[in-house]
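Now for the letters of each chain:
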Amino acid sequence: MAISLGPNQYGKAEVRLVTVEREGPVHHLKDLTVSTSLRGRLERTHLTGDNTDVVATDTQKNTVYAFAKEKRVGEIEDFALRLGRHFVGSFEQINGARVLISEHGWDRIDVGGRPHDHAFSRATGEQRTTAVTIQNDRAWVVSGLTDLVVLKSTGSEFHGFPRDRYTTLAETDDRILATAVTARWRYRSTELDWSGSFTEIRRILLETFATKHSLSLQQTLYAMGEAVLEARDEVAEVRLSLPNKHHFLVDLGPFGLTNDNEVFYAADRPYGLIEGTVLRDDEDPKDAELAWYTLPAF
Ligand SMILES: O=c1[nH]c(=O)c2[nH]c(=O)[nH]c2[nH]1
């Protein structure tokens, strides 16, 4: 029986990097979690333990910190591209790299109506993300956001689904719709105004969630992805993962009270999980395959 080494990668996961950029008394904070993975001619270490080709994960971590000092970190996409290209360009045996970065937000503390120069409070759980893939001299960028929690208190219905002997869910033409958006979008280019693009895509996702009258979370998911692709030429495809954060009407009957869509129980789990991809038809599927390889499907 012949046995061989299949696809593999290795690196340092979740390097925590915080930088302070000083503009006189005003400080600018960047708070990142960076993961690097390298691919290439790595049979020797796996098959015999000969580490000649292994760029140590410790070296990968140190490179993240040194790069943060040597040049302004800037946008997470640019930082990830620099790191990935460095590893592939510097080591002949390494022909591919994946760099994942999530950015944690900090808001300036308001003191007497003025944003403080150097004191911050952690923003919500929402994070901005990027996944950069380098393969020889090519690069792909998949950016996104996680945990953008949204709720609309009307403008959402759910009915017309099949009923069998296990179905108890009541049909509704007016329910709360709430979710924590994880969105990732694949860019068609590696040189962009990343921050401007992110801000616009986030705005479009929020606006569409708010304004699209929803007959299902699936319909809302498609509408959100479609709106991004219609407005943003730089985006090739959008993947969304939307947990349905159910808000159930509380039965107030036992207390002799009616519930006119006013009192809800916010369930923690289980939750519906609606996931999907919205695509342009004219894209090369090979690009998508390489850009998403080993990333969560949604
Ligand atoms: O928007 C929804 N989609 C579903 O597939 C579903 N299933 C369910 O029980 N509630 C909902 N809501």
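Quick caveat: nothing in here was measured; it's all calculated off a predicted structure.

### Comments concerning the packing of helix α4 (residues 194–211) against helix α5 (residues 217–231)
- Contact geometry for α4 and α5: axes closest at 9 Å, N-to-C directions at 140°. It follows that α4 is oblique to α5 by the angle criterion. Regarding α4 and α5, the two cross each other, and that crossing is right-handed. Contact residues: α4 offers I201, I204, L205, T208 and F209, while α5 offers T220, A223, M224, A227, V228 and A231.
- Its residues placed into classes, the contact of α4 with α5 shows nine nonpolar, two polar and no charged.

### Topic: helix α3 (residues 76–90)
- Between the first and last C-alpha of α3 there are 21 Å, a value that for 15 residues agrees with the 21 Å anticipated at 1.5 Å per step.
- When we look at burial in α3, the residues that qualify are I76, E77, F79, A80, L81, L83, G84, F87 and V88.

### Concerning the pattern of salt bridges
- Summed over the entire model, instances satisfying the criterion amount to 22 salt bridges.
- Between R44 and D50 there is a salt bridge, and its shortest N-O distance comes to 3.7 Å.
- The class for R44 is partly exposed, based on a relative accessible area of 36%.
- Note on D50: relative accessible area 27%, which makes it partly exposed.
- Overlapping salt bridges bring together R41, R44, D50, D53 and E92 as one network.

### Observations regarding the domain arrangement of the protein
- For the protein, the assigned domains read domain 1 (9–136) and domain 2 (146–298).
- Of note, the centres of domain 1 and domain 2, computed from C-alpha atoms alone, are 29 Å apart.
- For the pair domain 1 and domain 2, the two sides together bury roughly 1300 Å², of which 51% comes from carbon and sulfur.
- Of all residues in domain 1, the largest losses of buried area upon contact with domain 2 belong to R98, E126 and R128, amounting jointly to 37% of the total for that side.

Rules used throughout
- Residues numbered from 1 in each chain as written.
- Predicted model: local features only at pLDDT ≥ 70, side-chain atom pairs only at ≥ 80, totals over all residues.
- Heavy atoms only, no water.
- Axes fitted to C-alpha atoms, helices over the stretch in contact; angles between N-to-C directions.
- Helix = DSSP H or I, 4+ residues; strand = E, 2+ residues; numbered from the N terminus.
- Parallel < 35°, antiparallel > 145°, perpendicular 65-115°, else oblique.
- Left-handed = near helix turned anticlockwise from the far one by under 90°.
- Contact = heavy atoms within 4.5 Å.
- Nonpolar A, V, L, I, M, F, W, Y, C, P; charged D, E, K, R; others polar.
- Expected span 1.5 Å × (residues − 1).
- Buried < 20%, exposed > 50% of the residue type's maximum accessible area, 1.4 Å probe, protein only.
- Salt bridge = Lys/Arg side-chain N within 4 Å of Asp/Glu carboxyl O.
- Domains from an automatic or database assignment.
- Buried area = accessible area lost by both parts, 1.4 Å probe.

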